[in-house]
Amino acid sequence: MALLPGFPRSLLDGPRSARLAHFRSYTVAHPLLVEAKEKLTAAIWDSEPNSIIFVVGPTGVGKTTLRIRTEQILTDELRADLEQDRERIAVVSVEAMAPESGNFSWRDLFKRLLQRLDEPLIEYKRDLRTELAPLPSSTRPSPTAAQYRYGVEQALQFRRPVAVMIDEAQHLAKIASGRRLLDQLDVIKSLASQTRTVHVLFGTYDLLAFRNLNGQLSRRSIDIHFSRYQAEIAEQRQAFVNVVRSFARQLPLPALPDLASDWQFLYERSLGCVGVLKQWLARSLSAALRSGESALTHQNLESHALSVSQVEKILSEVSEGEFQLKDGDDARSRLREKLGLPSREKSGKPRDSARREDSLKPHAHRRPGERRPVRDVIGPLETLHAAGL
């Protein structure tokens, strides 16, 4: 059955910029996005107000889309309160900028937070706990990071958002060699405690360096893994194909492409990350519109895809991050042993119980000197050594 376009047909008569803008603004509510959104929303509402939530996932999986969708949900749920209390805001979001000098700038982050909070007189901030407020002066030095931080604390207590969201939070780890990662995250932890506001850190798997730096942080933190689609899982494979079909319907071209028939190539160069896929299709669409093509061809897609070496690099980082987040049976067994609890086999039986059952099984009686059944090595010894056996 042919796909019907999901865009207004009048777009075909519009300028190229409008057609490209339509596709770039389109987002699909795919299952992994919905699942991550529900987990994040529940974590914000249900956790202690001084908690830190880590949202980690591959590059290009859609973490920014997740953040925007969550902001919309929180704003809708607080709409009645916001209409009565005009001073309050639902959520404040900021992007942690990569440092130019190699050291992350807290001063820059605090200043951006004040801007997002619509705070007045940002350049005149002073820590009133230790300083007197001077009169405005053109020769007055700019506020320090500590003064900006005090302004952020006061603004958050006044505005009372339910969450502070920091995108690209892996940049917090870019620090001088003499500074510890724990010192970096202690700033966020103390800010969350002083303001009684949940802080959500969005980032790639590099953000995992902050996990479990100490027991106090582990107790107050929540992990949410926004994963990519796994092709080896049938349900997720079908969901990815459905995402491909949804994007195909939104490509404002006279002929809708049958991208679903080419899903394996699309998965190969996007690794199952919807954000990577969308950016790739947007580049291909832009080229097709410039050349006046009526459809998106495989050749067009191939010429704008990530190279194999690029995909392999991303895959190595993703695989390492996915492994770090995996709590397998071995990890649980080690934990139980450290706690003095009996380790459990995959079947759910304690290992000690399994050993007792094995000891009670009847064994065949052998005559004295009779060997137990084993497999003997056959072949010249030199041949076996050469084969690595």
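Reading the values: rules and limits
- Residues numbered from 1 in each chain as written.
- Predicted model: local features only at pLDDT ≥ 70, side-chain atom pairs only at ≥ 80, totals over all residues.
- Heavy atoms only, no water.
- Salt bridge = Lys/Arg side-chain N within 4 Å of Asp/Glu carboxyl O.
- Buried < 20%, exposed > 50% of the residue type's maximum accessible area, 1.4 Å probe, protein only.
- Helix = DSSP H or I, 4+ residues; strand = E, 2+ residues; numbered from the N terminus.
- Lys, Arg positive; Asp, Glu negative; His and termini not counted.
- Contact = heavy atoms within 4.5 Å.
- pLDDT = per-residue confidence, 0-100.

Draft legend 1. Representation of the pattern of salt bridges. Across all of its chains, the model carries 11 salt bridges by this definition. Among the salt bridges present, the one from R269 reaches E268, with a minimum N-O distance of 2.7 Å. The class of R269 is buried, set by a relative accessible area of 14%. A salt bridge links E317 to K313, with the shortest nitrogen-to-oxygen separation between them at 3.8 Å. A residue pair is termed a helical-turn pair when its members lie 3 or 4 positions apart in one helix, as E317 and K313 do in helix α13 (residues 308-324) at four residues. Salt bridges sharing partners connect three or more residues here, namely R67, E71 and D167.

Draft legend 2. The arrangement of the side chain of K37 in detail. Tracing the backbone shows K37 in helix α2 (residues 31-46). This buried residue, K37, is left without a salt bridge; E38 holds the nearest opposite charge, at 6.4 Å. Apart from residues lying up to four places away in sequence, K37 is in contact with L66, R69, T70 and I73.

Draft legend 3. Broad picture of the confidence of the model for the protein. Chain-level statistics for the protein give a pLDDT mean of 83 and a share of 80% at 70 or above. Counting interchain partners and residues more than four positions distant, the pLDDT-below-50 stretch residues 349-363 has 11 contacts. Contacts for the low-pLDDT stretch residues 377-389, under 50 throughout, to residues beyond four places or in other chains number four contacts.

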